[in-house]
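Residues per chain, in single letters:
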Amino acid sequence: MIRIFLSILFLILVSCSPDSKVYEKEFDTPLMIRNEEFRIAGDYGSLMNLNTKYYKKADSMGYQEGKALCYINLAQVNMSRDNYQKAEVFFDKAEVILRDSKDNTHKAIFYNNYSMFNRELKRIDKALEYNNKAMGYIKKSENPELKNRILFKIYIRAGEYHVIRKQYKIALEYFQKAGKFDQSGIVDCAISDYIYMHRNKDSARKYIFRAYNKIDTTKKDGVTLNIYAILGEYYIEDQQYDKAEDAFHRALEIDKKTRRIFAGYTKYIYNDLRRLYEKKGDQEKAYFYLNAYTEGRNKTFDSLSATIDQDMQVFIEETVKDSEKQKKKVRWIVLLTLAGFSLLGIYAWRIINLLRKKKEALITETEKLKARVDGSKQDEILELARKNDPEFFNRFKETYPKFVNRLLSINPNLETSELTFCAMIKLHFTSKEIAAYTLIQHRTVQQKKYRIRKRLHIPTETDIYHFFDELG
């Protein structure tokens, strides 16, 4: 109900018209093949130019379904970039054109991609429903050239949805069906990642390395990116952390080239790197990638929330139109509207609340990691001070840059030795401790404190430790 018109999702290709066979050969098939090549390669510029060119061609031919195909291709790019609102706009335009289409091939493309859209919005039951419809239409298709291409996509999506529902046996059956049409390594990745990971490491190794060995023949950045990411996850589970690090950084190199299309993928690589560095004990890098992952997740959460709000607005508008057309049924409309708003409100509240909790959890995890990093730095500085290590003051400045700058703002002529002495007081070392660590007499420490008071104009009645605490 939230929008049956969204039924347009990804008609990735075109519907047919009276001259459908000619259009399929001269328009649909070449556009579908080239668009998919550019999409998987992450070549945004070529993809845009291709669809602009074909849109103009469709317009000159009077081929409305060709225009719909271009809309779907652009919607797919926006969906890959987590821009669900704009994706909906293109889907709506395509749906208006394709509503009366009689072509089974195009309906299969439409429902398969619409299922993908619903999966992105966490509507797994709907995703499976539309995937089943796509399966029904493609089996009726009489276009052998496109049939296998589309059937491959339908099978692999069906496998993914059943994995989410933890129906692993059914998922594996669909992945194996998809594997009959795949030479790129995508299916091998899917089986390794979703079915065998954390359950049978030897089977995972078999499939992921089979995909890895296809990299040279695949030569598609989108597929290679996925292979390296899954390979890195395998190496983490196998505790081969250096190899995992290399695989993830190779994935990031490819990601930089394809990010304009596969923008939503970057955050998952960041999360894998965060997990890797936590296992390696490198808390600073783990903290860095956790922040990057959190930022990416927040963008996705915001995009999902905006889409939910848009769904509610469209629902309201559609209800208003219906009420104007059916004034005699106002009471029923009001009741249905209230019920619809209630259900939609509950749904929106649950999703937004879930997103909020996830965001809060990520913030908490970030703060914990930051505290661990800060604590580790503090321990290191204290140890350097106790050893009277020459590196002590440099590390202190990195951790307390504001403190040193404020001292110099009071007296720019302070010497390094005086700043180092102030640093030890800032760390709350006693006079006896300072004397012991710096190998000087206790009386000399008292004299230095007196000199620092004069140089910094600290009143006699003010505790020097309190004064430095207030500086920051």
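Quick notes on the overall build of the protein chain
Counting secondary structure elements, the protein chain contains 22 helices and zero strands. For the protein chain, the proportion of its 472 residues judged to be buried stands at 49%. Relative to all contacts within the protein chain whose residues are 6 or more apart in sequence, the contacts with residues 24 or more apart total 66%.

As for the confidence of the model for the protein chain
Detailed conclusions should not be drawn from predicted coordinates in areas where pLDDT is low. Of all residues in the protein chain, 72% attain a pLDDT of 70 or more, and the chain-wide mean is 76. Taken together, the stretch residues 1-18 has pLDDT below 50 and engages in 95 contacts with residues farther than four places along the chain or on a different chain.

Points about the packing of aromatic side chains
Tallied over the entire structure, the rule returns 18 aromatic pairs. Where Phe392 meets Phe396, the ring centres are 6.1 Å apart and the plane angle is 45 degrees; that geometry is what we call tilted. Separated by four residues within a single helix, Phe392 and Phe396 lie in helix H17 (residues 392-399), roughly one turn from each other. Note on Phe392: relative accessible area 3%, which makes it buried. Residue classification places Phe396 among the buried residues on the basis of a relative accessible area of 0%. With centroids separated by 5.9 Å and ring planes inclined at 80 degrees, the aromatic side chains of Phe396 and Phe403 adopt a geometry described as edge-to-face. Exposure remark for Phe403: the relative accessible area of 1% places this residue in the buried category. Put simply, the rings of Phe392, Phe396, Tyr400, Phe403, Phe467 and Phe468 pair up and form one aromatic cluster.

Thoughts on the packing of H17 against helix H19 (residues 416-426)
In the contact formed by H17 and H19, the axes pass within 10 Å of each other and the chain directions differ by 65 degrees. Between H17 and H19 lies a crossing of left-handed hand. Contacts from Phe392, Phe393 and Phe396 of H17 reach H19 at Thr416, Leu419, Thr420, Ala423, Met424 and Lys426. Taken together, the residues of the contact of H17 with H19 sort by class into six nonpolar, two polar and one charged.

Details of helix H3 (residues 64-80)
Its 17 residues place the ends of H3 25 Å apart at the C-alpha level, agreeing with the 24 Å of an ideal helix rising 1.5 Å per residue. Summarising burial for H3: 16 of the 17 residues are buried, a large majority. Downstream of H3 by a residue or two, Asp82 has a phi angle that is positive, lying close to 65 degrees.

What to know about helix H4 (residues 84-98)
Spanning 15 residues, H4 covers 20 Å between terminal C-alpha atoms, matching the ideal 21 Å at 1.5 Å per step. Tyr84, Ala87, Glu88, Phe90, Phe91, Ala94, Glu95 and Leu98 are the residues of H4 that are buried.

Looking at unusual backbone geometry
Trans peptide bonds make up most of the peptide bonds, and negative phi angles are found at most residues other than glycine. Residue Lys122 is not a glycine yet carries a positive backbone phi of 70 degrees. With respect to the helices, strands and loops of the structure, Lys122 is situated in the loop between helix H5 (104-120) and helix H6 (124-140). Judged by relative accessible area, which is 51%, Lys122 ranks as exposed. The backbone of Lys166 shows a phi angle near 65 degrees, a positive value even though the residue is not glycine. Within the fold, Lys166 resides in the loop between helix H7 (144-164) and helix H8 (168-179). Residue class for Lys166 comes out exposed when judged on its relative accessible area of 64%.

About the cut-offs
- Residues numbered from 1 in each chain as written.
- Predicted model: local features only at pLDDT ≥ 70, side-chain atom pairs only at ≥ 80, totals over all residues.
- Heavy atoms only, no water.
- Helix = DSSP H or I, 4+ residues; strand = E, 2+ residues; numbered from the N terminus.
- Buried < 20%, exposed > 50% of the residue type's maximum accessible area, 1.4 Å probe, protein only.
- Contact = heavy atoms within 4.5 Å.
- pLDDT = per-residue confidence, 0-100.
- Phe/Tyr/Trp six-rings, centres within 6.5 Å; stacked < 30°, edge-to-face > 60°.
- Axes fitted to C-alpha atoms, helices over the stretch in contact; angles between N-to-C directions.
- Left-handed = near helix turned anticlockwise from the far one by under 90°.
- Nonpolar A, V, L, I, M, F, W, Y, C, P; charged D, E, K, R; others polar.
- Expected span 1.5 Å × (residues − 1).

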